[in-house]
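# Chains, contacts and geometry: an overview
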Amino acid sequence: MQRDLAQFVRETATEFGIPGVAVGVLTEGEEQWACHGVTSIENPLPVDRDTLFGLGSVSKTFTATALLRLVADGIVELEAPVRRYLPELSLASAEHSDRVTLLQLLNHSGGLDWGLQVDTGEGDDALANYVARLDELPVIAAPGSRASYSQAGYNLVGRVIEKVTGATFEEAVASLIFQPLGLSHSFYLHEEVMTRRFCVAHNRETDGSLSLLRMRRRPRGDNPGGGLASSVGDQLRWARFHLGDGRSGDGARILPAELLTKMKTPTIALRGSNLGDAIGIGWFLRGINGVPAVAHGGSTNGQFADLLLVPDRDFAVIALSNAGPAGILFDQAVVQWAVERFLGLTESKPKTLPFDPHRADEVVGSYENDVMTLTIESDGTAMSLEVLMKPETRAAYKEAPPNHEPFRFSLMSEAEDEYIITSGAFEGQRGFFTRNSSGVIDGVDLAGRLFNRISAESLEPLPLKAVSR
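Residues numbered from 1 in each chain as written. Predicted model: local features only at pLDDT ≥ 70, side-chain atom pairs only at ≥ 80, totals over all residues. Heavy atoms only, no water.

### Some remarks on the overall build of the protein
Under the convention used in this document: The helix and strand labels rest on DSSP assignments: H or I over at least four residues marks a helix, E over at least two residues marks a strand, and numbering proceeds from the N terminus. We take the radius of gyration over the C-alpha atoms and set the globule estimate at 2.2 Å times the residue count to the 0.38 power. Only protein chains enter the accessibility calculation, which uses a 1.4 Å probe. A residue is then buried if its area is under 20% of the maximum for its type, exposed if over 50%, and partly exposed in between. Each accessible area is a Shrake-Rupley result for a 1.4 Å probe, and residues are judged covered by the shown protein chains and nothing else. For the charge count, each Lys or Arg is scored as positive and each Asp or Glu as negative, with His and the chain ends excluded. Here the site of a charge means atom NZ of a Lys, CZ of an Arg, CG of an Asp or CD of a Glu.
Counting secondary structure elements, the protein contains 14 helices and 22 strands. For 469 residues, the compact-globule estimate of 2.2 N^0.38 gives 23 Å, and the C-alpha radius of gyration of the protein, at 21 Å, lies within 12% of that figure. Oriented by its inertia axes, the alpha-carbon framework of the protein measures out at about 65 × 55 × 45 Å. Across the 469 residues that make up the protein, the buried fraction comes to 56%. Accessible surface, the protein: about 18,600 Å² in total, of which carbon and sulfur atoms supply 50%. Here the protein holds 43 positive side-chain charges and 61 negative ones, and the gap between their average locations is 3 Å.

This is the structure:
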C-alpha cells in the first residue's frame, strides 16, 4: 500500500505539474504518507513529512475546535448571541448585531457575506481591528435562515476566543489545541513559519510557466478563517484526534466525546454543493456510497489542502499541494483514489440535462458578492460562467492568482435549479440558483457562496412548461 501511495502521488503531481506535494493516509490506526517535489522552484528543498503548507480554510476546523474547548469549560455557550461576549459588535444590520449566535457563525448561517478585503496589520490588535470594521460587510440573509460560506464569520469567532481568554487568537489556539495534541509543526505567524521548512505558493500562468507567489497568506486578521500553516504529519495527528473519543495521544481529555460527535452531526442543510450535504460544526458532511464522511478543503493563493475523514472506517486522507490552479485537481484526485483504494468506495457522477435555450435565457446575467463578480452567458448551444475578482479585491491580494477562462456548466437532472461545472480547473464544482417570491432567479450559489443578481437578459419568470423536466 505504501508503495502504491507513493507511486500515485508522484505520477499525479507530475501529471498536474505541481512543484511540491504531501499526502497522508490514516487507516486502521496506521499512518502512511508520501511526499514529492520541492518547496520552491527558486530555492528548491525536498518536501518532507514536516514541511509546512498553507491550509487555507482547513484552519476553520481548528478555530471551531478551540471554541468548543471553551464550551466544554463553561466559558461560552454555542447558542448564545455573539454580543454576550463582544458587546461592542456592530454589524451592517442592527438585527444581526443583536441576534447572530456563535453556532450560526460556525455553521455559516450567520447571514454575513464572504469577508472584508482589508489589511488590519500584523499586530496583536489585527483581529480586533478587523471585527471593528464588520459594519462595512453586507448582510445577505436573516441569521439562521440559510447557509452561505463566510470567512468573516470565523474571524469573528476568533475575536470571541481572544476576548474570553485574554490571549491573542494564535496564543489561545496554541494553548487549547497545538500543545495538548502535540502539534509541533503548526503555526500562524510569519516569524514562526519562516524559521522552518515551508512550501512557497506558485501559480501556473497562461503561457504554461510557473510563477512564484511571495504572499504566504492573507493578513493576520484572517487567521481564524484561513491563516494556519501545518505539515502532513500534524494533519494526520489532527485527523486521529477527530476520529477518536476526545482524548489526546497520551490520554488527556481535550473534548468530551459528545461534543466531538456534535461537530460531525448536521446543524444545517446544504443544497447543490460539493462541499457536502450539510454542515456540522467546523466540518462539511456528506455520504460516500451511503457511508458518512466529514471533510474540509482550503486554498490560500497558490496552496491547496483537502482533509477527509470517514469515521465509521477509522480512515482519513490529507492532500497538500503548492501550485494553482491544478493543485485543486491534484488534491481531489488523491482523495478520490485513496477512498477507492483503501475503502473500496466510489462517488457516482451526477447526471446533466441537455442544453435548453429557455432555461439559458432565465439564468443569463451578472451576479456579485462582496469580493467577486459572476457572469453567465449563452452561445445558443451551451452555457458558461466566468468568475472574476473585483478590482478592489485583486488589489488587496497584492499577488492575486490569474483569472480563469469561463467555465462551461450544465443543469443537473437530479434537482431543480442545480448545476455542475463541466470544464476547466473547477470541473465537478456544483451550485444552484435561487428564486424570489415571483419565481424569478435572483441569485446563484457557487462553492457555498451566494452571488446576488445585478443584471439579466430577462427578469420575467418563464412559463411553467419552459422549466418542466
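### Some remarks on the sheet that holds strand β3 (residues 53–54)
Our working definition: Any two strands between which DSSP finds at least two bridges are classified as paired.
Read across the sheet, 3 strands follow the order β3-β7-β4 without closing on themselves; strand pairing throughout is antiparallel. Bordering the open sheet on either side are β3 and β4 (186–187), each of which pairs with just one other strand. Two strands pair when backbone bridges link them, and β3 and strand β7 (residues 229–230) are joined in this way by 2 bridges, in the antiparallel orientation. Each bridged residue has a counterpart across the sheet, and for Phe-53 the counterpart in β7 is Ser-230.

### Description of empty space enclosed by the protein
Our working rule: Lining residues are defined by having an atom within 4 Å of a point belonging to a cavity or pocket. Those points lie on a 1 Å grid over the protein atoms alone, cavities being sets where a 1.4 Å probe fits but cannot get out and pockets being open sets with protein on both sides within 12 Å along at least five of seven lines. Grid points are joined across faces, edges and corners, and a volume is the space filled by probe spheres set on the points. Only Asp, Glu, Lys and Arg are considered charged, only Ala, Val, Leu, Ile, Met, Phe, Trp, Tyr, Cys and Pro nonpolar, and every remaining residue, Gly among them, polar.
Inspection of the entire model under this criterion finds 3 cavities of 30 Å³ or more. Of the volumes computed, that of the largest cavity is approximately 50 Å³. When residues of the lining of the largest cavity are traced back to their parent elements, those giving at least two are β10 (284–288) and α12 (326–343). Looking at the lining of the largest cavity, the element that brings in the most residues is α12, giving 3 residues. A per-class count over the lining of the largest cavity returns 5 nonpolar, 2 polar and 2 charged. Around the second largest cavity, the lining residues are Gly-123, Asp-124, Asp-125, Ala-126, Leu-127, Glu-162, Phe-169, Glu-170 and Arg-220. Elements represented by at least two residues in the lining of the second largest cavity include exactly α5 (126–132) and α7 (169–181). Taken together, the residues of the lining of the second largest cavity sort by class into 3 nonpolar, 1 polar and 5 charged.

### What to know about the nonpolar core
The following threshold applies: Here the nonpolar core consists of buried residues drawn from Ala, Val, Leu, Ile, Met, Phe, Trp, Tyr and Cys, with membership extended through side-chain atoms lying within 4.5 Å. For this analysis, residues touch if any pair of their heavy atoms sits within 4.5 Å.
In this structure, Phe-62, Leu-67, Val-82, Leu-134, Ile-177 and Phe-178 are the most contacted members of the largest nonpolar core, which totals 73 residues. In terms of residues, this core owes the most to one element, α7, which gives 8 residues. Setting aside anything within four residues of it in sequence, one finds Phe-62 in contact with Leu-55, Ile-177, Phe-178, Leu-183, Tyr-188, Leu-228, Gln-235 and Trp-238.

### As for helix α1 (residues 2–16)
Our working rule: Given the number of residues in a helix, its expected span is that number minus one, multiplied by 1.5 Å. To be clear, the arc concerns the directions from the helix axis to the C-beta atoms.
With 15 residues, α1 should cover 21 Å at 1.5 Å per step; its first-to-last C-alpha distance of 21 Å lies within 8% of that length. For α1, every residue scored as buried is listed here: Leu-5, Phe-8, Val-9, Thr-12 and Ala-13. For α1, the arc enclosing every buried residue in end-on projection is 120°, short of the 170-degree limit, so these residues lie on one face. Facing away from the buried side of α1 by more than 90 degrees, the exposed set consists of Arg-3, Thr-14 and Glu-15. Along its buried surface, α1 packs onto β1 (20–27), β2 (30–37) and α12. One or two steps after α1, the chain reaches Gly-17, where phi turns positive at roughly 70°.

### Details of the packing of aromatic side chains
We apply this condition: Aromatic pairing here means that ring centres of Phe, Tyr or Trp (its six-membered ring) are within 6.5 Å. Orientation follows from the plane angle: under 30 degrees is stacked, over 60 is edge-to-face, and everything else is tilted. Only when the NZ of Lys or the CZ of Arg is both within 6 Å of the ring centre and within 35 degrees of the ring normal is a charge said to sit over the ring.
With the rule as written, the count across this model stands at 12 aromatic pairs. Ring geometry for Phe-169 against Tyr-188: centres 5.3 Å apart, planes inclined by 65°, an arrangement best described as edge-to-face. Placement of the pair is Phe-169 in helix α7 and Tyr-188 in the loop between β4 and α8 (190–193), with a sequence separation of 19 residues. In terms of burial, Phe-169 and Tyr-188 fall into one category: buried. Taken together, a centroid distance of 6.2 Å and an interplanar angle of 40° make the contact between Phe-315 and Phe-342 tilted. Here the residue Phe-315 occupies a position in strand β13 (residues 315–321), and Phe-342 occupies one in helix α12, the gap between them amounting to 27 residues. There is no split in this pair, since Phe-315 and Phe-342 are both buried. Chaining the aromatic ring pairs together yields one cluster made of Phe-62, Phe-169, Phe-178, Tyr-188, Trp-238 and Phe-241. Directly above the ring of Trp-33 sits Arg-49, whose terminal nitrogen or CZ lies 4.1 Å from the centroid. Taking the ring centre of Tyr-154 as reference, the NZ or CZ of Lys-60 above it sits at 5.9 Å.

### Description of the environment of Arg-253
Using the following cut-off: Here a polar contact is recorded for every N or O atom pair within 3.5 Å, except that within protein the pair must consist of a potential hydrogen donor and a potential acceptor, and residues adjacent in sequence are included only if both atoms are side-chain atoms.
Along the chain, Arg-253 falls in the loop between α10 (232–242) and α11 (257–263). Put simply, Arg-253 and His-190 are 63 residues apart on the chain and 31 Å apart in space, counted from C-alpha to C-alpha. Filtering out sequence-adjacent residues up to four positions away, Arg-253 remains in contact with Arg-69, Asp-245, Gly-246 and Arg-247. Within the local environment of Arg-253, its side chain forms a polar contact with the backbone oxygen of Asp-245, the two atoms lying 2.5 Å apart.

### Examining the packing of helix α2 (residues 59–72) against helix α6 (residues 151–165)
Which entries qualify depends on this criterion: For helices, the axis comes from a line fit to the C-alpha atoms of the stretch in contact; other axes are also lines fit to C-alpha atoms, and the angle between any two N-to-C directions lies between 0 and 180 degrees. The crossing is said to be left-handed when, going from far helix to near helix, the turn is anticlockwise and less than a right angle, and right-handed when the turn is clockwise.
Two numbers describe how α2 lies on α6: the axes approach to 10 Å, and their chain directions differ by 35°. Helix-helix and strand crossings are classified by hand; for α2 and α6 the assignment is left-handed. Between α2, through Lys-60, Thr-63, Ala-64, Ala-66, Leu-67 and Leu-70, and α6, the contact on the second element is made entirely by Gln-151, Tyr-154, Val-157, Gly-158, Val-160, Ile-161, Val-164 and Thr-165. Broken down by class, the residue content of the contact of α2 with α6 amounts to 9 nonpolar, 4 polar and 1 charged.

### A short note on the sheet that holds strand β6 (residues 210–213)
Taken in spatial order, the 3 strands make up an open sheet running β6-β5-β14, and their pairing is mixed. Unpaired on one side and paired on the other, β6 and β14 (323–324) mark the two borders of the sheet. Relative to β14, strand β5 (residues 201–204) runs parallel, the two sharing 2 bridges. By the bridge assignment, Asn-203 is partnered in β14 with Gly-324.

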